[in-house]
Amino acid sequence: MKNIVILISGSGSNMAAIVQAAQQRRWGARFGVQIAAVVSNRADAAGLAWAQDQGIAVAVLDHTTYASRESFDAALQAHLDGYAPALVVLAGFMRILSADFVNHFAGRLINIHPSLLPAFGGLHTHQRAIDMGCQFAGATVHHVTADLDHGPILAQAVVPVLPGDTASALSARVLTQEHLLYPQAIEGWLSRASWV
Ligand code: GAR
């Protein structure tokens, strides 16, 4: 079995959607992969307990205990390398990754971002889309490159921005689509993988 490792920082709802898709859509039998581990940079990430209940290995690498971004990224890279991951999935992992880390996992490192990239990289995407008067918002799954939120796009989902929308209402509408989009994008990536 080849390994997929998922990185989270918070509630982990995208991670859960991916784990469920892997089970329901038989990624093990079809693509020879398993979700081997879930790693968080925050001990209080709610998704950790859920993943553990599923029998998935979990780990916390607390970035606040490292002296620099580079030393945290090096420790994270070493931990992930223990799984020789075929794919590293960022699912609400709220860290900027250094170029060395990104280059090490180049081609097998993907992210979901809650906007229609290349619009609204960075934070507060939903409020910024509302403030700009956007009529559509959405989410993007993309390859991670050293250029933050600018890697080649794998998949996108579009939702309308409705009159009177708040950032939280729009965020919830987008998140529902993320839960469909991310597993689908990963399945597409797997179906094109060299070993399948
Ligand atoms: C998701 O909306 C994801 O797109 C976003 O964080 C949320 C995580 O939710 N990611 C980013 O903003 C990355 N820059 P989840 O923990 O419930 O999956």
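Above this text sits the structure in question.
Keep in mind the model is a prediction, meaning the values are calculated, not measured.

Draft legend 1. Inspection of the nonpolar core at higher detail. Membership of the largest hydrophobic core comes to 37 residues, with the highest contact counts inside it found for Ile4, Ile6, Trp27, Ile35, Val89, Tyr182 and Ile186. Ranked by residue count, the leading element in this core is helix H7 (residues 167–191), at eight residues. Counting 18 residues, the second-largest nonpolar core is a separate cluster that includes Leu61, Leu90, Leu97 and Val102.

Draft legend 2. How the structure looks around the site of the ligand. The ligand sits among Ser11, Gly12, Ser13, Asn14, Gly92, Met94, Ile112, His113, Pro114, Leu175 and Glu178. Within the side chain of Ser13, a nitrogen or oxygen atom sits 2.5 Å from an oxygen atom of the ligand. Here Glu178 contributes a side-chain N or O atom positioned 2.7 Å from an oxygen atom of the ligand.

Draft legend 3. Local environment of the sheet that holds strand E5 (residues 109–113). If you walk across this open sheet you meet the seven strands as E3-E2-E1-E4-E5-E6-E7, and the pairing is mixed. Where the open sheet ends on each side, the last strands, each with one partner, are strand E3 (57–60) and strand E7 (153–160). Each neighbouring strand pair of the sheet contributes to a mean axis angle of 20°, computed without reference to strand direction. Both strand E6 (residues 136–143) and E7 contribute to a ladder of seven bridges, which runs antiparallel. Bridge pairing links Phe136 to Pro160 in E7.

Draft legend 4. Seen up close, the packing of helix H1 (residues 13–24) against H7. In the contact formed by H1 and H7, the axes pass within 9 Å of each other and the chain directions differ by 45°. Considering their axes alone, H1 and H7 lie oblique with respect to each other. Considering the relative orientation of H1 and H7, their crossing is right-handed. Contacts between H1 and H7 involve Ser13, Asn14, Ala17, Ile18 and Ala21 on the former and, on the latter, Leu175, Glu178, His179, Tyr182, Pro183 and Ile186.

Draft legend 5. Focus on H7. Look at H7: 35 Å from first C-alpha to last across 25 residues, which is about the 36 Å you get at 1.5 Å a residue. The largest bend in H7 is about 30°, located at Glu178. Within H7, the full set of buried residues consists of Leu170, Val174, Glu178, Leu181, Tyr182, Pro183, Ala185, Ile186, Glu187, Gly188, Trp189 and Leu190.

Analysis parameters
Residues numbered from 1 in each chain as written. Predicted model: local features only at pLDDT ≥ 70, side-chain atom pairs only at ≥ 80, totals over all residues. Heavy atoms only, no water. Core = buried A, V, L, I, M, F, W, Y, C linked by side-chain atoms within 4.5 Å. Buried < 20%, exposed > 50% of the residue type's maximum accessible area, 1.4 Å probe, protein only. Helix = DSSP H or I, 4+ residues; strand = E, 2+ residues; numbered from the N terminus. Near = heavy atom within 4 Å. Polar contact = N/O pair within 3.5 Å; in protein donor to acceptor, adjacent residues only side chain to side chain. Pairing = 2+ DSSP bridges. Axes fitted to C-alpha atoms, helices over the stretch in contact; angles between N-to-C directions. Parallel < 35°, antiparallel > 145°, perpendicular 65-115°, else oblique. Left-handed = near helix turned anticlockwise from the far one by under 90°. Contact = heavy atoms within 4.5 Å. Expected span 1.5 Å × (residues − 1). Bend = angle between axes of the 7 residues up to and from the residue.

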